[in-house]
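Coordinates in review
This is what each chain is made of:
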Amino acid sequence: MEDNANGDAPGDLKRTPLDDLHIANGGRLVGFAGYDMPVQYKAGILKEHLHTRAAAGLFDVSHMGQLVISTPDGDVRKAALALEKLVPADIAGLGIGRQRYTYFTNDAGGILDDLMVANLGDRLSLVVNAATKEADEAHLRANLPGSIKVERLERALIALQGPKAEAALARLAPDCAAMRFMDVRELDIDGEVCTVSRSGYTGEDGYEISVPVAIAEPLAKALLEMEEVEPIGLGARDSLRLEAGLCLYGSDIDDTTTPVEAALMWAVQKVRREGGDRAGGYPGADVVAAQLKDGPDRLRVGLKPLGRAPVRGGASIYATESGGEAVGVVTSGGFGPSFGGPVAMGYVPAKLAEAGNGLFAEVRGKRLGVETCKLPFVEPGYRRN
């Protein structure tokens, strides 16, 4: 999960707790979701991407929203059942110390935002997208019962991603090595309690670390002093997630896109589906159930350009090389350094979504051949056991 939000005026930008560190490391800063964020460092996007796949990359994701919902008596199941009125995932069945991907939906079944939810035993921790975090908080406050407390956390968030992330973080927090994909633990780092999840946004093994602002820069510096860790910017973050087939909110999914269309129904567990003990009950559930039964009109698919030219988001998709109306749209696209060629995702009619179908994407007035394919482009490296 991550959101697409650019074009902020320089004077309006907020700074993360790691802003000075980005500058010191040669980061090129741009406006993103209202924040001054590094798009790349001295090594450049290509090398940063490949370094993350081979070793460990450090990302500042402090612009993301961090929220906690709880009850006065610490009854996490009560909080979970309340949250299930807004999301289609099985939150009540989420074990202590586990995390799950889900999304807020509207009455039309559209996705208001995608987010991560963790069960910390006496409360639920949520990580939401930067551009929508204020709207998400307002959505929770307006729609959860008055007995449910909603709290915004003012903490930094650091992502350490790559096959050598465990070795690096274990030097500072040895217990992280015992965690598996989507585990969440509160670990002592530098004398402070930090919330660590074994997850991320690159398709690689790694961690997201929520830390008090006071230790954010010392922790980041300590990690960057390790041989295997390099700072990574938004540019490589985007190419990494695209190769992994992960959605960018505002590009690949939005409030007009349903989970069925977006091929995200894997995030709706059996208990929340038709026939399950807690089926439906969230906004747009009837729309989603109907699409599951009858099939959606369109589907998100992987798109492999047949030449060397990248196909960018916004490009129209056609069924034929000339003539006819557009049948779909590319939502994300670029060069995949690990894949070794251009990669893209987009929406096409369901009847054209089967892998191997030949289509055409319009790039600068020319229609270039693309082929529908299964996602991801690069197999994930998550530690599942």
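Residues numbered from 1 in each chain as written. Predicted model: local features only at pLDDT ≥ 70, side-chain atom pairs only at ≥ 80, totals over all residues. Heavy atoms only, no water.

Points about unusual backbone geometry
Of note, the amide linkage connecting Leu375 to Pro376 takes the cis form, showing an omega dihedral of 5 degrees. Counting through the fold element by element, Pro376 comes out in the segment after strand E20 (366–373). In this model, Ala263 sits at a positive phi of 60 degrees, which is unusual for a non-glycine residue. Along the chain, the position of Ala263 falls in the loop between helix H7 (234–243) and helix H8 (285–294). Its identity is not glycine, yet Arg364 carries a phi of approximately 50 degrees, on the positive side. (Helix = DSSP H or I, 4+ residues; strand = E, 2+ residues; numbered from the N terminus.)

A short note on the sheet that holds strand E2 (residues 28–32)
The three strands lie next to each other as E1-E3-E2, forming an open sheet whose pairing is mixed. The open sheet has two edge strands with one neighbour each: strand E1 (14–15) and E2. By the bridge criterion, two bridges tie E1 to strand E3 (residues 35–40) in an arrangement that is parallel. Bridging from a neighbouring strand, Lys14 pairs with Tyr35 of E3. Along the sheet, H7 makes contact with E2 and E3, crossing E3 at roughly 70 degrees. (Pairing = 2+ DSSP bridges. Contact = heavy atoms within 4.5 Å. Axes fitted to C-alpha atoms, helices over the stretch in contact; angles between N-to-C directions.)

A closer look at the domain arrangement of the protein
The assigned domain composition of the protein is domain 1 (19–61 + 154–243) and domain 2 (297–385). Just the C-alpha atoms count here: the centres of domain 1 and domain 2 sit 29 Å apart. Taken residue by residue, the interface counts 17 residues in domain 1 and 20 residues in domain 2. Interface area for domain 1 against domain 2, summed over the two sides, is near 1,500 Å², with a carbon-plus-sulfur share of 57%. Considering only the side of domain 1, the residues that lose the most area to domain 2 are Phe181, Leu242 and Glu243, jointly responsible for 47% of the buried surface there. On the surface where domain 1 and domain 2 come into contact, there are one salt bridge. A salt bridge links Arg383 to Glu166, with the shortest nitrogen-to-oxygen separation between them at 2.8 Å. (Domains from an automatic or database assignment. Buried area = accessible area lost by both parts, 1.4 Å probe. Salt bridge = Lys/Arg side-chain N within 4 Å of Asp/Glu carboxyl O.)

Quick word on helix H6 (residues 213–224)
Counted at 1.5 Å a residue, the expected span for H6 with its twelve residues is 16 Å, and the 17 Å between its end C-alpha atoms agrees. By the burial criterion, the buried members of H6 are Ile215, Ala216, Leu219, Ala220, Leu223 and Leu224. One face of H6 carries all of its buried residues, which in axial projection span an arc of 165 degrees. (Expected span 1.5 Å × (residues − 1). Buried < 20%, exposed > 50% of the residue type's maximum accessible area, 1.4 Å probe, protein only. Arc of directions from axis to C-beta.)

What to know about the environment of Pro259
Tracing the backbone through its elements, the reader meets Pro259 in the loop between H7 and H8. Not counting chain neighbours up to four residues away, the residues in contact with Pro259 comprise Tyr103, Thr105, Gly109, Ile111, Leu264, Met265 and Val288.

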